Amino acid sequence: MRSFFHAWPAWACLLLAAIAFCASGCSRTQYRLEADRDAYNVISERNGDPRWTTADVSIEIDPRSRYFDQYDPDCPPMPQDDPAAHSYMRCVDGMKGWKHWYDNGVRSDLENPAWREELAQYAETTDDGAVELNIDSALELSYVHSPLHQSQLETLYLSALDVTRERWRLDNQFTGGFDTVFNHRGKKTPFGENSRLTTGRGVGALGVPLAGRFGGGANILQLDRQFATAGALVAGIANAFTWEFTNGDVNFAGSLLSASFVQPLLRGAGRSIALEDLTQVERNLLANLRAYAQFRQGFYTQVAIGELGVRGLQRGGPGTTLTSFSGSGNVSGYAGLLRRLQQKRNSEDTLSLQIRTFARLEAFYDKGLIDLVQVDNFEQGIESARAQLLLQENTLDLALDQYKTGTLGLPPDLPVALDDSLIRQFQLFAREATDILNLIVQLQRRTGDLFMDGEAQVIPEVAGIDAVLQDIAPLVGPIQDLINHVPDELQRMDKALVLRDESASEDEKMSEDDKQRLAEEREDLEVKLAELRSQFAEQTVELARLREILSEETRDTTARGLVNWITATLNIVDQLALVQARARLESVSVEAIELDPGEAFSIALQNRLDFMNGRAALVDSWREIQIAANALKSNVTVGLAGSTGTVRNNVVSFDAANSTAAMGVQFDAPLTRLLERNGYSETLVSYQRDRRAFIQSRDSLHLGIRALLRQLKQLRENLEIQRRAATIAIRQVDQTQRLLNAPGRIPQPGQRALISPTTAINLQLAQSSFLNSQNSFLSAWLSYYSARMRLYRELGIMELDADGRWIEFPILATPNDQETDPDDELLIPILPPAIPPGIRGNG
């Protein structure tokens, strides 16, 4: 024993070194990085197909994101806790809690504190700090900040972890460890005093095996391997060292090599069973990679038109009930914000027109040309328009806040400025013309005030008249620029008319009568523009004359001439704005899509990634029948086991004489299989349900595509209807304004007002009709824009660049023109003969 204890320090050193190495293991960070590496590797294995390849599948949140966590992901600080709930972490049921909860600190904010400063580095901002928002910038902000997108990436990552788990289960698995136990018995115990130290694997204390207590095996080193045939191999080595400190010089050392192999032959046997879990998670990962590629298409449409339209990733795998266009869709998202913005602008323009018109009505009322009822009715309409505008402003602000929080993942108080370039063509009244008109109305009011001194009418002073003339002078240039710009608008109108006629289908082309009518209207616009140009040239000369003749003697004449000049110029700019609005109205067009519904359905079936997944999911359901049927079989399992031990108290002295071998067969007759029978029947029902669901999903896709194509045709026709309605509304505004500008002579005392009693209401109806037709025209165009984008997504042909932006191209390719997967050619239908319905139940 003395010689053995001389060797104890060496064994002790080895023992302590092994304990230190094995107990320390890897750090949290190492484990996380290893999981990331394995997950990204299995994703990259199936990320090469151009139909669903994705450049970046990392779950690392962008450092610019509002949701980026700047702290150590493996040791994050504790968030702020609820005080009442937190008391249970300090003390629970009278026992002190763990004192190390605060080792990593306590964070005060959940958001990335630097995200607002980072925002200016990748997003364009206005001078006042507002983020300039268009579809591209909104998309970039969404990819950086959206929790929805991050959740999809994380689901893909978790699916990859499922694959690594199942691959590990079918790989070599090594386990190891040892136990050290010191036992002591007193003198009065049945076997007398004894002290013993045992080191090995599977040794026990107080008669309780450590393997049973701690769940470990008895081998100091063990290999486990599951085979693709469902066989299982376990091999290992166990040893033990025992030192007796009493009853003399007694010690023991021994080792045991053991191995066992078990192979089921019927139930639970075969590759269909052993590889099923791995097969399923591998297929699920492929499905989720496809689903992510399709999600990016839906993510673009959600940002642009407020409709995701795809199901997204499912960790448990796809189903056969798939999402398709239901047949009706709204305009929301960024396009919806622009619609609300333009509708508000249209209301502002109409309100401005109504206010200018009301100023004239008041002037006519002062002269006795119109009765008070008409003036009051018109003013009441203005107040209603103001209330409606206030509601539109509030609704726009609410929609903008909801878009920032729900789509972009940003707080509602972030200032943004909408880029209106997409709908600028629908600003029928040029902002420049509106600004000029508002300035002229202000000058008109100032001029009217010059004639009043309290309640008395007076002749204006020279200084007041001169001040108005000085302020009028800067308007001449902008009005002339406006006149000079209208021919460009008319040229764009001519080009748009040609393109519209060329792109229209045969049944949508204009008739000869419509072409003749449009040509006459186009000629009228040219004539009106020439008249307005000539009238303003006369007004320019008249303005110079008024400034020249202004003196103390001519101030009354000059003031009245100034009133006439302002009124005439206001009429000229009003008419000019209507000409410009008419030209812009005809310049708006859409690109027609001519596609046969059957051909579109075929394109969708070949390109829709979710339908690829749906076909795979149906096969998954079909495969479950084989799995469940296997459980109905008898259990026949063969097993082999053997071991070799050491002799002579030596841990390496193995001897064949100290060995064992065993071979056996286990048989379990299929006498009780009720649960298995029920499970099998359930898989049959589930498969038929899934088959019907997939057929219905195909029908839903077909229905949605047919509805979309009909909707696109209807929206093109509706756009032309709304264009004609807006044309009529412009003509009504023009005619009612002309009638208002020519009221006739002032009535004598006792005579009735000379303006028609329906003038005010006609003005109000015409202006309201123009507002409604503008909004309807805008909505028709945006609806077509959204439906066209939706069609690309539903066909599965929405190409995106690396940043997620839509690369638009004409729909030209047909299924026969596109490449097919060579693996698909192997799936040649080879069907057994059908079973007649009358004997399907006989088994």
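The paragraphs below set out a description of the structure included in this document. (Residues numbered from 1 in each chain as written. Predicted model: local features only at pLDDT ≥ 70, side-chain atom pairs only at ≥ 80, totals over all residues. Heavy atoms only, no water.)

Considering the overall build of the chain
- Each helix and strand in the chain was counted, giving 20 helices and 18 strands.
- Across the 843 residues that make up the chain, the buried fraction comes to 41%.
- For the chain, the proportion of contacts with a sequence separation of at least 24, taken over those separated by at least 6, is 79%.
- As displayed, the chain has an accessible area near 45,300 Å², and 55% of this comes from carbon and sulfur atoms. (Helix = DSSP H or I, 4+ residues; strand = E, 2+ residues; numbered from the N terminus. Buried < 20%, exposed > 50% of the residue type's maximum accessible area, 1.4 Å probe, protein only. Contact = heavy atoms within 4.5 Å. Areas by Shrake-Rupley, 256 points an atom, 1.4 Å probe, with all protein chains shown as cover.)

Considering the nonpolar core
- Residues Tyr300 and Leu795 are the most contacted members of the largest nonpolar core, which totals 150 residues.
- In contact with Leu795, not counting residues within four places along its chain, are Leu595, Ala600, Ile603, Ala604, Asn607, Arg608, Ile705 and Ile811.
- Counting 15 residues, the second largest nonpolar core, distinct from the first, contains Val375, Ala385, Leu389 and Ile755. (Core = buried A, V, L, I, M, F, W, Y, C linked by side-chain atoms within 4.5 Å.)

Here we look at empty space enclosed by the protein
- On inspection of all chains with the given rule, the structure shows two cavities of 30 Å³ or more.
- Size it by volume and the largest cavity reaches roughly 160 Å³.
- Taken together, 14 residues make up the lining of the largest cavity; nearest its centre are Arg311, Gly312, Pro318, Leu322 and Asp610.
- Of all the elements in the fold, those that place two or more residues in the lining of the largest cavity are helix H10 (276-305) and helix H18 (609-630).
- Element by element, the count of residues in the lining of the largest cavity is highest for H10, at four residues.
- Of the residues assigned to the lining of the largest cavity, the class counts are four nonpolar, eight polar and two charged.
- By volume, the second largest cavity is sized at about 110 Å³.
- Forming the boundary of the second largest cavity are 13 residues, of which Leu353, Arg356, Phe429, Leu437 and Asp574 lie nearest the centre.
- Those elements that place two or more of their residues in the lining of the second largest cavity are helix H11 (333-366), helix H13 (431-450), helix H16 (555-587) and helix H19 (674-741). (1 Å grid on protein atoms, 1.4 Å probe; cavity = no way out; pocket = protein on both sides within 12 Å on 5 of 7 lines; lining within 4 Å. Points joined across faces, edges and corners; volume = space filled by probe spheres on them. Nonpolar A, V, L, I, M, F, W, Y, C, P; charged D, E, K, R; others polar.)

A short note on a negative patch on the surface
- A surface patch of negative charge is lined by Glu124, Asp127, Asp128 and Glu132.
- On the secondary structure map, Asp128 appears in the loop between helix H5 (115-122) and strand E3 (131-133). (Patch = residues over 30% accessible without salt bridge, like charges linked within 9 Å, V, L, I, M, F, W, Y side chains within 5 Å. Salt bridge = Lys/Arg side-chain N within 4 Å of Asp/Glu carboxyl O. Lys, Arg positive; Asp, Glu negative; His and termini not counted. Charge placed at Lys NZ, Arg CZ, Asp CG, Glu CD.)

Concerning the side chain of Asn775
- In this structure, Asn775 sits in helix H20 (residues 759-795).
- Using a relative accessible area of 13% as the deciding quantity, one classes Asn775 as buried.
- Dropping the residues within four chain positions of it, Asn775 is found in contact with Gln343 and Asn346.

Digging into the packing of helix H14 (residues 462-503) against helix H15 (residues 512-549)
- Running from N to C, H14 and H15 cross one another at 170°; their axes reach a closest spacing of 11 Å. One finds that H14 runs roughly antiparallel with respect to H15. Like other packed secondary-structure pairs, H14 and H15 cross with a definite hand, here left-handed.
- Of the residues in the contact of H14 with H15, the class split is 18 nonpolar, four polar and seven charged. (Axes fitted to C-alpha atoms, helices over the stretch in contact; angles between N-to-C directions. Parallel < 35°, antiparallel > 145°, perpendicular 65-115°, else oblique. Left-handed = near helix turned anticlockwise from the far one by under 90°.)

Here's the deal with the pairing of strand E10 (residues 232-244)
- Here strand E6 (residues 194-200) runs beside E10; their pairing, made up of five bridges, is antiparallel. Bridge pairing in E10 links Arg196 to Glu244.
- Taken together, strand E9 (residues 221-226) and the strand that follows it, E10, pair antiparallel across an intervening segment of five residues, in which Ala230 is found at a positive phi of about 80°.
- Where E10 and strand E11 (residues 251-264) come together, 12 bridges link them in antiparallel fashion. Within E11, the residue paired with Val234 across the bridge is Ser260. (Pairing = 2+ DSSP bridges.)

Considerations on the side chain of Arg790
- With respect to the element layout, Arg790 can be found in helix H20.
- The class of Arg790 is buried, set by a relative accessible area of 1%.
- The residues touching Arg790, leaving out its near neighbours within four places in the chain, are Ile305, Glu307, Phe325, Gly329, Asn330, Leu708 and Gln711.

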